[in-house]
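Chain and residue survey
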Amino acid sequence: MSRPRTPEPALDVQGDSPTGTRTEDDGNGTQHSHRMLNFSDALLSIIATVMILPVTHTEISPEQFDKNIQKLLATRIAVYLMTFLIVTVAWAAHTRLFQVVGKIDDTLALLNLACMMTITFLPFTFSLMVTFPEVPLGILLFCVCVITIGVVQALIVVYAFHFPHLLNPQMARSTHRTLYRQHVLYIVLRGPVLCFVAAGFSLFFYPASYLLMATVIFLPYVHKAASWCRRRLVGPQEPPAHSVEVFTFDLQEPLSKERVEAFSDGVYAIVATLLILDICEHSVPDPKDVAERFHGSLVAALSASGPRFLAYFGSFATVGLLWFAHHSLFLHVRKATHSMGLLNTLSLAFVGGLPLAYQQTSALTRRPRDELESVRVSCAIIFFASVFQLAMWTAALLHGSDTLRPSARFGGGEHAFMLAKLALYPCASLLAFACTCFLSRFSAAIFHLTQVAVPFAFLLLRLLVRLALRLLRALPGPAGPAPASQDAAARAPLLAAPC
């Protein structure tokens, strides 16, 4: 009778815990991959965010004014969301890959640069897809880039397993490296294989290509759901004798809280920076126009761009406050889960669309006939960016002690305030959208009033919540006072946990 097999220890996630490690090894020309991961995270967050630029720079020709602007932008926004999510899938795969590859040498660094160079080409292919949606070349080039990224990542895997000292130390000592290499290659290459099929369909039926590329985004979650259904139907199965599941590496596993925060901060920072580009491009007056139209008065020339500056400050405040809500949420989060990661990605995708909201509202004076549609598009983008944050908070509450600190759980001192803070923007954007249905003539004024009012509401929110909680505690309860020990235990969740 064979004796029970002892599982090998879980992988040490080096990419998430840089403390306590040396940056350079002695004598073998390798170094830890933390700085390269930080560089890759920054680049990937930039690439994911600038995908919105082809949509924001969409020029609507005069013959298209009779069409609904929402219909004109719907397809491009949908393609943007798909490509943004594909880039985030590539980011998650890259992060997971370098949990297996613990150290790098010159060859791996160059291979990673080749991967990053291919990723930086994705916005150009997306521009082709947006400008020529029915021409297969843009889809084909996008799929070729994704396939190339997968091939380069596969080369990184093969090279690292060929030189085991580059691997995570626990994996380097494993007796199942060959099986595990096959497992990693399968995970890395299944997305590019779907894109290869999508590239083939683009030549004769391009809608199927979009469907297959969307499958790449949700494939990890479909795999998880299928595994859960299989376990429910047939019950848990015994792992094979040489199972590679003794390791924790899996692209479906949630990433660490720190990496999610770093990538999210990068997206918010880049979106806030992109807002100024339109002002620099369109609001700096030409010296000749200042001399001829405004009689040499630069102040008068700048005042003509007043609506642009108003839209910029309102949009920047929106981005900043959404980041503040995101920061406050993760301040109380202990670890991220699968559902929280998906909801955070969806929220970031709509945050990346905020430059489009700014571009639409800043152009109201130039296209007054599209005012109602532009305001509604902007309200919808803000609503979805914020409501996915609220959904992420709800998902964290469902896991309770696993994901949240005691002060943020049900009954905690910060629970009511966090709920009010995260619900503020969804309610405000939904209210503004509803008001435009009844007061369409004042849609621009309603939207700008909402942008101005919400920051002040954030300032008053904590005061109002604290006042409401104080009033509730002052109300007489049905029972008498609890003993001192029980009262202290009851108040324990209300104490703010150190962050």
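Residues numbered from 1 in each chain as written. Predicted model: local features only at pLDDT ≥ 70, side-chain atom pairs only at ≥ 80, totals over all residues. Heavy atoms only, no water.

1. With respect to the overall build of the protein
Helices and strands together make up the secondary structure of the protein, namely 19 helices and two strands. Counting all 499 residues of the protein, 48% fall into the buried class. Taking contacts inside the protein between residues at least 6 apart in sequence as the whole, the part at least 24 apart equals 82%. (Helix = DSSP H or I, 4+ residues; strand = E, 2+ residues; numbered from the N terminus. Buried < 20%, exposed > 50% of the residue type's maximum accessible area, 1.4 Å probe, protein only. Contact = heavy atoms within 4.5 Å.)

2. What about the state of the cysteines?
Scanning the model with the defined rule gives zero disulfides in all. In this model cysteine 143 remains outside any disulfide bridge; the closest cysteine sulfur is found in cysteine 195, 4.9 Å from its own. Exposure remark for cysteine 143: the relative accessible area of 0% places this residue in the buried category. (Disulfide = S-S within 2.5 Å.)

3. Description of the nonpolar core
In this structure, Ile119 and Met213 are the most contacted members of the largest nonpolar core, which totals 115 residues. Tallying contributions element by element places helix H3 (residues 69-100) first for this core, with 14 residues. The contact partners of isoleucine 119, leaving out residues within four places of it in the chain, are Leu43, Leu44, Ile47 and Ile149. (Core = buried A, V, L, I, M, F, W, Y, C linked by side-chain atoms within 4.5 Å.)

4. Brief notes about the packing of helix H16 (residues 371-399) against helix H18 (residues 443-474)
The relative placement of two packed helices is expressed as an angle between their axes plus a distance between the axes. The N-to-C vectors of H16 and H18 enclose an angle of 30°; their axes lie 9 Å apart at closest approach. Relative to H18, the element H16 is oriented roughly parallel. Classified by chirality, the crossing of H18 by H16 is left-handed. Listed contacts from H18 to Glu371, Leu372, Val375, Ser378, Cys379 and Ile382 of H16 are Ser443, Ala444 and Phe447. Across the contact of H16 with H18, the residue classes break down as six nonpolar, two polar and one charged. (Axes fitted to C-alpha atoms, helices over the stretch in contact; angles between N-to-C directions. Parallel < 35°, antiparallel > 145°, perpendicular 65-115°, else oblique. Left-handed = near helix turned anticlockwise from the far one by under 90°. Nonpolar A, V, L, I, M, F, W, Y, C, P; charged D, E, K, R; others polar.)

5. Examining helix H5 (residues 122-131)
Counted residue by residue, H5 has seven buried out of ten residues, so it is predominantly covered. When H5 is considered as a whole, its buried residues turn out to be Leu122, Pro123, Thr125, Phe126, Leu128, Met129 and Val130.

6. Here we look at the pattern of salt bridges
Counted according to the given criterion, the structure contains one salt bridge. Between aspartate 41 and arginine 259 there is a salt bridge, with its nearest N and O atoms 2.2 Å apart. Linking aspartate 41 in helix H1 (residues 34-50) with arginine 259 in helix H10 (residues 257-282), this pair joins segments that are 218 residues apart in sequence. Exposure class is identical for aspartate 41 and arginine 259. Each is buried. (Salt bridge = Lys/Arg side-chain N within 4 Å of Asp/Glu carboxyl O.)

7. Quick notes on the packing of aromatic side chains
On inspection of all chains with the given rule, the structure shows 13 aromatic pairs. With centroids separated by 5.4 Å and ring planes inclined at 75°, the aromatic side chains of phenylalanine 383 and phenylalanine 384 adopt a geometry described as edge-to-face. Among the aromatic residues, ring-to-ring pairing joins Phe350, Phe383, Phe384 and Phe388 into one connected group. (Phe/Tyr/Trp six-rings, centres within 6.5 Å; stacked < 30°, edge-to-face > 60°.)

8. Side note on helix H4 (residues 106-120)
Over its 15 residues, H4 extends 21 Å from the first C-alpha to the last, a length consistent with the 21 Å expected when each residue adds 1.5 Å. Of all the positions in H4, only Leu108, Leu111, Asn112, Cys115, Met116, Thr118 and Ile119 are classed as buried. The buried residues of H4 occupy an angular sector of 160° when the element is viewed end-on, so they sit on one face. Counted as exposed and oriented over 90 degrees from the buried face of H4: Asp106, Leu110 and Met117. (Expected span 1.5 Å × (residues − 1). Arc of directions from axis to C-beta.)

9. Remarks on the side chain of threonine 95
Mapped onto the secondary structure, threonine 95 falls in helix H3. Sequence-distant contacts of threonine 95, that is, excluding residues within four places in its chain, are made with Leu37, Asp41, Leu255 and Arg259.

10. Comments concerning the packing of H1 against H4
Running from amino to carboxyl end, H1 crosses H4 at an angle of 10°, the nearest separation of the two axes being 10 Å. Relative to H4, the element H1 lies roughly parallel. Counted together, Met36, Phe39, Ser40, Leu43, Leu44 and Ile47 of H1 and Ala109, Asn112, Leu113, Met116, Ile119 and Thr120 of H4 form the full contact between these two elements. Across the contact of H1 with H4, the residue classes tally to nine nonpolar, three polar and no charged.

11. Points about the side chain of aspartate 41
Exposure remark for aspartate 41: the relative accessible area of 5% places this residue in the buried category. Discounting residues that sit within four places of it in the chain, aspartate 41 has contacts with Trp91, Thr95, Arg259 and Phe263.

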